[in-house]
Amino acid sequence: MLFDNSGYLFYDGAMGTMLQSRGLKPGIRSDIMNILSPQTVEDVHRLYVEAGSDIICTNTFGANALVLKEAGYSPEKVIPAAVSAAKRAAGDRVKVALDIGPVGYLLEPLGDLAMDKAYELFKEQAVLGEKSGADAVAIETMSDLNEMESAIRAVTENTGLPVLATMTFGQNGLTYIGVSPEDFAELAERLGVVAVGLNCSLAPSEMYETAERIANSTNLPLIIKPNAGLPDSVTGLYDIGPVEFAQQMAEFAKIGATTKIIGGCCGTAPEYIRELKEMFSKL
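Residues numbered from 1 in each chain as written. Predicted model: local features only at pLDDT ≥ 70, side-chain atom pairs only at ≥ 80, totals over all residues. Heavy atoms only, no water.

Chemist: Would you mind going over the environment of histidine 45 with me for this structure?
Modeler: Its place among the elements puts histidine 45 in helix α3 (residues 38-51). The spacing of histidine 45 and lysine 87 is 42 residues in sequence and 9.0 Å in space, taken between C-alpha atoms. With near-sequence residues (within four places) excluded, histidine 45 lies in contact with Met15, Ile56, Cys57, Thr58, Asn59, Ala85, Ala86 and Ala89. (Helix = DSSP H or I, 4+ residues; strand = E, 2+ residues; numbered from the N terminus. Contact = heavy atoms within 4.5 Å.)

Right under this line is the structure:
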């Protein structure tokens, strides 16, 4: 069971920037680190567990057959290795969610990828994740409602894993192809996800209005996973530190009991999760 009737659950933070600081070279997919350096991936997961994460996401954001083929790998190799690394770090204390991001190609009618092809790609990921021992699936950073629907259906129709679903919205309250928070929330609830929300693109303070719109459109638990602001063009460092991040995140407690799962996206690290736990313990 992922939820009880009260309190908050804490996600982890970024994986890519953590791996980059530990030797991931430019041009190498982070998913491949599950094969090339599984101990490094496990170490990052463990840092999040030690920081207080209740749910950690596998290092599989782009681990679908189309993308991995370009790198000379396959989901059959990458996903079991990724789940294994996360499970070793999680032990019995923490849930492991199979992370699924966008396919990497636009779906019809915006692009050339058919919806049923996307469904099969997501299905392969989900089935491998369940067989490898994942406790849930986290579908994140989606912008296309058709792609989100394909991913949710692929998981719910082919596994018994609960789905946590987030899309990424701009400051105008829409995804980059124009999906509204209300349409997303309605679709996700109808398709049976266990929690719904938003991640990436924005700092916490820039997400509040969109989060309220999602919360007003569903009774599902709300997921909030913002970026640590924006990266510096020279250093690559993000401009919001752990303390300020936690302070901005505290505002989401005002949305009410709907807010259940909080964490970080790009630029965040274990110290951000630690500060979040400390902040929310006082609310």
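So that's the structure; there's more coming.
Chemist: Sorry, what's going on with a negative patch on the surface here?
Modeler: On the surface, a cluster of negative charge is made up of Glu108, Asp112, Asp116 and Glu120. Locating glutamate 120 in the fold gives a position in helix α6 (residues 115-132). What makes glutamate 120 partly exposed here is its relative accessible area of 43%. (Patch = residues over 30% accessible without salt bridge, like charges linked within 9 Å, V, L, I, M, F, W, Y side chains within 5 Å. Areas by Shrake-Rupley, 256 points an atom, 1.4 Å probe, with all protein chains shown as cover. Salt bridge = Lys/Arg side-chain N within 4 Å of Asp/Glu carboxyl O. Lys, Arg positive; Asp, Glu negative; His and termini not counted. Charge placed at Lys NZ, Arg CZ, Asp CG, Glu CD. Buried < 20%, exposed > 50% of the residue type's maximum accessible area, 1.4 Å probe, protein only.)

Chemist: Sorry, what's going on with a nonpolar patch on the surface here?
Modeler: On the surface, Leu106, Leu110, Tyr176 and Ile177 cluster together into a nonpolar patch covering about 410 Å² of accessible area. Within the element layout of this structure, tyrosine 176 appears in the loop between β5 (163-167) and α8 (181-190). Residue classification places tyrosine 176 among the exposed positions, given a relative accessible area of 63%.

Chemist: Would you explain unusual backbone geometry in this entry?
Modeler: In most cases, non-glycine residues show a negative phi, while peptide bonds are predominantly trans. Residue proline 109 is reached from glutamate 108 by a cis peptide bond, and omega for that bond is 5°. Tracing the chain through its elements places proline 109 in the loop between β3 (95-100) and α6. The phi torsion at threonine 141 lies on the positive side, around 60°, for a residue other than glycine. When you line up the elements, threonine 141 lands in strand β4 (residues 136-142).

Chemist: Explanation requested: the sheet that holds β4 in the structure shown.
Modeler: The pairing of strands in a sheet happens through backbone hydrogen bonds and is either parallel or antiparallel. The sheet built from eight strands is open, its strands ordered β1-β8-β7-β6-β5-β4-β3-β2 with parallel pairing. Every interior strand has two partners, whereas the edge strands, β1 (9-10) and β2 (55-57), have only one. Where strand β7 (residues 222-225) and strand β8 (residues 259-262) come together, three bridges link them in parallel fashion. Counted as the bridge partner of isoleucine 224 is isoleucine 262 from β8. Across the face of the sheet, α8 comes into contact with β5 and β6 (195-199) while running at roughly 145° to β6. (Pairing = 2+ DSSP bridges. Axes fitted to C-alpha atoms, helices over the stretch in contact; angles between N-to-C directions.)

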